[in-house]
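Architecture and fold: a report
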Amino acid sequence: FMMRLSEEYVYSELPELQHNGIRIQHMGRRVGLPKSLLFALDNVISKTRANNKLVLNPALNDGGRGEITDAIRAIIAAHQCNELNASELTPADFARYLYCLHIPDADLISRIGGNWCLSNFLLWRAVETVLWSTPTLWSDFQSEHLLEAIEIYQEQLNQYEIQPET
C-alpha cells in the first residue's frame, strides 16, 4: 500500500514540483522497490533534473546501516579494480559512496510522534545534527511546528556556536 501511495504521490505532485523548480533525487536502495515505483521515480527524476530551486530527497527503502554497508561494498569493489587506494580513504572519500552523494550532512532532524531516536536514518550524515522531537503526529504537523523546530535549531547554533555549512 505504501509503495502504491508513493507512486501515486510522485505523479500527482509532478506539476507542482515543476512549477516550484524542485528537483527530485531518490535517497535509498533501488533493490526491493516495485518496478512500477522505480519507473515513476525515474520519470520524475528525469523530468525535474534541470530544476534548481530546491532538492527533495524522498527516502524510500532507506536505512543508515544499509547505506553504509552498500558504501563499503562499493569501496571494496573500487579498490579491487584499482580505482581507489583503500589505505588512503578519507571520510570525504567515503561520503562519495553514500546514497545522494551531493547532499550535505543534516543540520536538523525532526522526529514526530514523540520519537527521540534516529531509527537507522541518516546515520553518517547525522554528525553534529540538532535532533528535535515533537509529540505531534505527521498528519497534524503544521507550519508552526516547523517554525518551532527551526527556533530550537537556531538556539542550539547560538549555544554551541555551531557554524552551518554553506
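Residues numbered from 1 in each chain as written. Predicted model: local features only at pLDDT ≥ 70, side-chain atom pairs only at ≥ 80, totals over all residues. Heavy atoms only, no water.

Before going further, it helps to spend a moment on the packing of aromatic side chains. Two numbers describe a pair of aromatic rings. These are the distance of the centres and the angle of the planes. Summed over all chains, the structure comprises three aromatic pairs. Between Phe-94 and Trp-124 the ring centres are 4.5 Å apart and the planes differ by 40 degrees, which places this aromatic pair in the tilted class. Taken together, the residues Phe-94 in helix H4 (residues 91–95) and Trp-124 in the loop between strand S3 (108–111) and strand S4 (130–133) connect sequence positions 30 residues apart. Assessed through its relative accessible area of 29%, Trp-124 is described here as partly exposed. Considering the side-chain rings of Trp-138 and Phe-141, the 5.4 Å spacing of their centres and the 25 degrees angle between planes classify their relative orientation as stacked. (Phe/Tyr/Trp six-rings, centres within 6.5 Å; stacked < 30°, edge-to-face > 60°. Helix = DSSP H or I, 4+ residues; strand = E, 2+ residues; numbered from the N terminus. Buried < 20%, exposed > 50% of the residue type's maximum accessible area, 1.4 Å probe, protein only.)

Right, let's talk about the environment of Asn-115 for a bit. Within the secondary structure, Asn-115 sits in the loop between S3 and S4. Accessibility expressed as a relative area gives 35% for Asn-115, which makes it partly exposed. Considering only alpha carbons, one finds Asn-115 and Ser-133, 18 residues apart in sequence, at a separation of 6.1 Å. Separated by 3.1 Å, the side chain of Asn-115 and the backbone oxygen of Ile-112 make a polar contact. (Polar contact = N/O pair within 3.5 Å; in protein donor to acceptor, adjacent residues only side chain to side chain.)

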